[in-house]
Amino acid sequence: MRASGTLYRKVFKDIEEKIRGGIYLPGDKIESLSEIQKNYSVSKITATRVIDELEKNGMAKKVQGKGTFVLGNHSDVAEIDRPVQVKRLVLLASDSIIFSRKRFEWDICKGVFDRCEELSVPLRTVHPCPEVLHGLSTGKFFDLAPDEGVVFYFGAKAKFIATFVWKPHPWVIIDSVAPQAKHVVTDNYEGIKQLLAHLKELGHKNIAFAPDFSINQCFFNTNERFEAFLRLSEFMEINPSVIRTKKFDDIYDAVKKPGKNTPTALLFPHDAPALNCIDVLNGKGIKVPDDISVCGYDDYSGEGKSLDYLTTVRVKKQEMGMAAVDLLLNNDDLFNVWKRIKPELIVRKSTGYCK
C-alpha cells in the first residue's frame, strides 16, 4: 500500500508541475485515464485518484464525455461545447515545404491533400507571407470563409503565429504546440519507450541523452522527447545521463571516460546529430556499435546522409496530415484536442549488445 501511495504522489506531482510550469495551459486537455495508466505504468484506480485529486485542488475539471481540462483564466470550459461545422479546409504552409517535395516535410502536406481528395473536401493553400502574418496580427483571417478550418504546418514559427486570435475558425497545428488549438503530433513518449526497450534488451543500462538545447530549446519535439527519456528511465530501471552540448568532442570525452556510469548507448532527439556523432566517434577510434550504440529519431537525416545504418524511430508524417483533416471535419471540440500518432521502431546496425 505504501508503494502504491508513493507512486500516486509521483504521478500527481508530475502532472501538477506540468500545469504550474505552463506545459499544460488553462483550457488544455490533460492525459486521459488510459494515457496516465500507460505513461506511468499505474493501475486504473491510481490514475482515477490522480485526476480526482487534481479536480479537488481546483487545478482541473472533468467534462463528461470529453476529458479533463486545466482550469485558470480559461476555466469556463463551456467554450468547448461550441462546435463549428467545417466543410472546407485551408492548408497554411510555406511554399518551400509544399513545392520542395522533400519526403519528410512533404509527407505531411501529402497526407492533407490525399485525405481531402479521398473525402471530396475542397482545399486551398495559403503561404504565410509577411502580408498574411500582418493580416493575422490585425485580426484579418486572409478571407477565411465561415465554414473553413485551417491546417497549420510551419515548423519553428508555429508558436509565433499561434499567438494570434483564431476564433471562430477551428484550426489544427501539426508537429508543434500552441494554446487554443487542436494538435496532431507524433507520440514521442511511445517512440522513446520503444528505443529504451530495444536498448535494454541488448543489455544497456547506462544510456545518455544528447540534446542540443542551444538550438532546439524552442522545438516541441526535442523537449518532449527529453522529458520522456527522464520519466521513462525511472520506471524502466535505466541509469540515465544527459550530455548538454553541441560539441561532439564533449560526447567523445563522456563515453571515453572510464567508470561504472559511463554510457554504453547514446540517444539523440533527431537523426542528423546522431549520424554526425557516429562519424566523429568512428574517426576517433570508438566503433559503433562495437564500443557504443547510437540511436536517432525521425527516420530522416535532413542532410542527405544515408539512414541505412542508423537505428531510429520512424515518424509517420503522412498519417499526421490525414489525422489533421479528420480532426477538423469531426469538430466535436473547438480547441485543446490532442491526436498522437504512434511511431515505428526501425532497428538497423548502429545498435548492438552491451559488452
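Positions within a chain are numbered from 1, following the residues in the order the chain's sequence is written. For this predicted model, a pLDDT threshold of at least 70 governs which residues receive local features, and a threshold of 80 or more governs which side-chain atom pairs are given and counted, while totals over whole chains, interfaces and linings are taken from all residues. Each side-chain value is derived from all of the structure's non-hydrogen atoms; neither hydrogens nor water enter the calculation.

Focus: the overall build of the protein chain
For step 1, the next point in the chain: Strands here mean DSSP runs of E at least two residues long; helices mean DSSP runs of H or I at least four residues long; both are numbered from the N terminus. Of the regular secondary structure elements, the protein chain holds 13 helices and 14 strands.
For step 2, the next point in the chain: Across the 355 residues that make up the protein chain, the buried fraction comes to 52%.
For step 3, the next point in the chain: We call two residues in contact when some of their heavy atoms are within 4.5 Å. The contacts in the protein chain between residues at least 6 apart in sequence include a share of 71% that link residues at least 24 apart.
For step 4, the next point in the chain: Computed with the Shrake-Rupley method and a 1.4 Å probe, the accessible areas treat only the protein chains shown as cover for residues. A total accessible area of about 16,900 Å² is found for the protein chain, and carbon and sulfur atoms account for 52% of it. Using a 1.4 Å probe on the protein chains alone, a residue whose accessible area is under 20% of its type maximum counts as buried, one over 50% counts as exposed, and one in between counts as partly exposed.

With respect to the sheet that holds strand β9 (residues 239-242)
For step 1, the next point in the chain: Whether two strands pair comes down to DSSP finding at least two bridges between them. Pairing is parallel across the open sheet formed by four strands, whose spatial order is β9-β8-β10-β11. With one partner strand each, in any of the chains shown, β9 and β11 (293-295) form the two edges of the open sheet. Mean inter-strand twist for the sheet, computed between neighbouring axes without regard to direction, equals 25 degrees.
For step 2, the next point in the chain: Where strand β8 (residues 206-209) and strand β10 (residues 265-267) come together, three bridges link them in parallel fashion. All axes are obtained by fitting lines to C-alpha atoms, using only the stretch in contact for helices, and the reported angles, taken between N-to-C directions, cover 0 to 180 degrees.

Details of helix α11 (residues 248-256)
For step 1, the next point in the chain: Where α11 is concerned, the buried positions are Ile251, Tyr252 and Val255. Projected down its long axis, α11 shows its buried positions confined to an angular sector of 105 degrees, all on one face.
For step 2, the next point in the chain: Considering only its buried residues, α11 is in contact with β10 and α12 (271-283). Regarding the arc, it is the one traced by the directions from the helix axis to the C-beta atoms.

Examining the packing of helix α2 (residues 33-40) against helix α8 (residues 188-201)
For step 1, the next point in the chain: Closest axis-to-axis distance for the α2/α8 pair is 11 Å, and the angle between their directions is 25 degrees. Classified by the angle their axes make, α2 and α8 are roughly parallel. Seen from above, α2 lies across α8 with left-handed handedness. Residues Lys38, Asn39 and Tyr40 of α2 form the contact with α8, whose own contacting residues are Tyr189, Glu190 and Lys193.
For step 2, the next point in the chain: Basically, the charged four are Asp, Glu, Lys and Arg, the nonpolar ten are Ala, Val, Leu, Ile, Met, Phe, Trp, Tyr, Cys and Pro, and anything else, Gly included, counts as polar. Across the contact of α2 with α8, the residue classes break down as two nonpolar, one polar and three charged. With respect to orientation, any angle under 35 degrees is reported as roughly parallel, any angle over 145 as roughly antiparallel, any angle of 65 to 115 as roughly perpendicular, and every other angle as oblique. In this scheme, a crossing is called left-handed if the near helix is turned counterclockwise away from the far one by less than a right angle; it is called right-handed if the turn is clockwise.

Regarding the packing of α2 against helix α3 (residues 44-56)
Any two packed helices are characterised by the angle at which their axes cross and by the distance between the axes.
For step 1, the next point in the chain: At a minimum axis distance of 9 Å, the contact between α2 and α3 shows a crossing angle of 115 degrees. α3 is crossed by α2, and the crossing has right-handed handedness. Only Lys44, Ala47, Thr48 and Ile51 of α3 make contact with α2, whose side of the interface consists of Leu33, Ile36 and Gln37.

Considering unusual backbone geometry
Excluding glycine, most residues fall at negative phi; most peptide bonds, likewise, are trans.
For step 1, the next point in the chain: Looking along the chain, the bond that leaves Val288 and enters Pro289 is cis, with omega of 5 degrees.
For step 2, the next point in the chain: Along the chain, Pro289 turns up in the loop between α12 and β11.
For step 3, the next point in the chain: Its identity is not glycine, yet Ser120 carries a phi of approximately 55 degrees, on the positive side.
For step 4, the next point in the chain: When you line up the elements, Ser120 lands in the loop between α5 (103-119) and β4 (123-126).
For step 5, the next point in the chain: Of note in this structure, Glu237 is not a glycine but carries a positive phi near 55 degrees.
For step 6, the next point in the chain: Secondary-structure assignment places Glu237 in the loop between α10 (220-235) and β9.

Let's talk about the packing of aromatic side chains
For step 1, the next point in the chain: Any two of the Phe, Tyr and Trp rings considered here, Trp counted by its six-membered ring, make a pair once their centres fall within 6.5 Å; the pair's planes then place it as stacked at under 30 degrees, edge-to-face at over 60, or tilted in between. Across all of its chains, the model carries six aromatic pairs by this definition.
For step 2, the next point in the chain: Geometrically, the ring pair formed by Phe152 and Trp171 is edge-to-face, given 6.3 Å between the ring centres and 65 degrees between the ring planes. With Phe152 in strand β5 (residues 148-153) and Trp171 in strand β6 (residues 171-174), this pair connects stretches of sequence that are 19 residues apart. With respect to class, Phe152 is no different from Trp171; both count as buried.
For step 3, the next point in the chain: Criterion for a charge above a ring: Arg CZ or Lys NZ at most 6 Å from the ring centre, at most 35 degrees from the ring normal. Above the face of the Tyr8 ring, Arg49 is positioned so that its terminal group lies 3.7 Å from the ring centre.

Comments concerning the sheet that holds strand β3 (residues 88-93)
For step 1, the next point in the chain: Taken in spatial order, the six strands of this open sheet run β4-β3-β5-β6-β7-β13, and their pairing is parallel. Of all strands in the sheet, those bounded by a partner on one side alone are β4 and β13 (337-341). Mean inter-strand twist for the sheet, computed between neighbouring axes without regard to direction, equals 20 degrees.
For step 2, the next point in the chain: Bridging between β6 and strand β7 (residues 182-186) involves three bridges; their strand directions are parallel. Considered in β7, the bridge of Ile173 is made with His183.
For step 3, the next point in the chain: This element, helix α13 (residues 317-329), spans β3, β5, β6, β7 and β13 of the sheet and lies at about 160 degrees to β7.

Examining the environment of Lys316
For step 1, the next point in the chain: With respect to the secondary-structure elements, Lys316 resides in the loop between β12 (312-314) and α13.
For step 2, the next point in the chain: For the pair formed by Lys316 and Glu344, sequence separation is 28 residues and the distance between their alpha carbons is 7.9 Å.
For step 3, the next point in the chain: Non-local contacts of Lys316, meaning those with residues more than four positions away in its chain, are made with Ile341, Lys342, Pro343 and Glu344.

A few points about the side chain of Asp271
For step 1, the next point in the chain: Assignment of secondary structure puts Asp271 in helix α12.
For step 2, the next point in the chain: Salt bridges are absent for the buried Asp271, whose nearest opposite-charge side chain, Arg348, sits at 6.6 Å.
For step 3, the next point in the chain: Engagement of the side chain of Asp271 in a polar contact is seen with the backbone nitrogen of Tyr297, the distance being 2.8 Å.
For step 4, the next point in the chain: Within polar-contact distance, the side chain of Asp271 engages the side chain of Thr312 at 2.7 Å. Charged residues are defined narrowly, with Lys and Arg counted positive, Asp and Glu counted negative, and His plus the chain ends left uncounted. For this document, the term salt bridge refers to a Lys or Arg side-chain nitrogen within 4 Å of an Asp or Glu carboxyl oxygen. Residues adjacent in sequence count toward polar contacts only when both atoms are side-chain atoms; beyond that, a polar contact is any pair of N or O atoms within 3.5 Å, and within protein one must be able to donate a hydrogen and the other to accept it.

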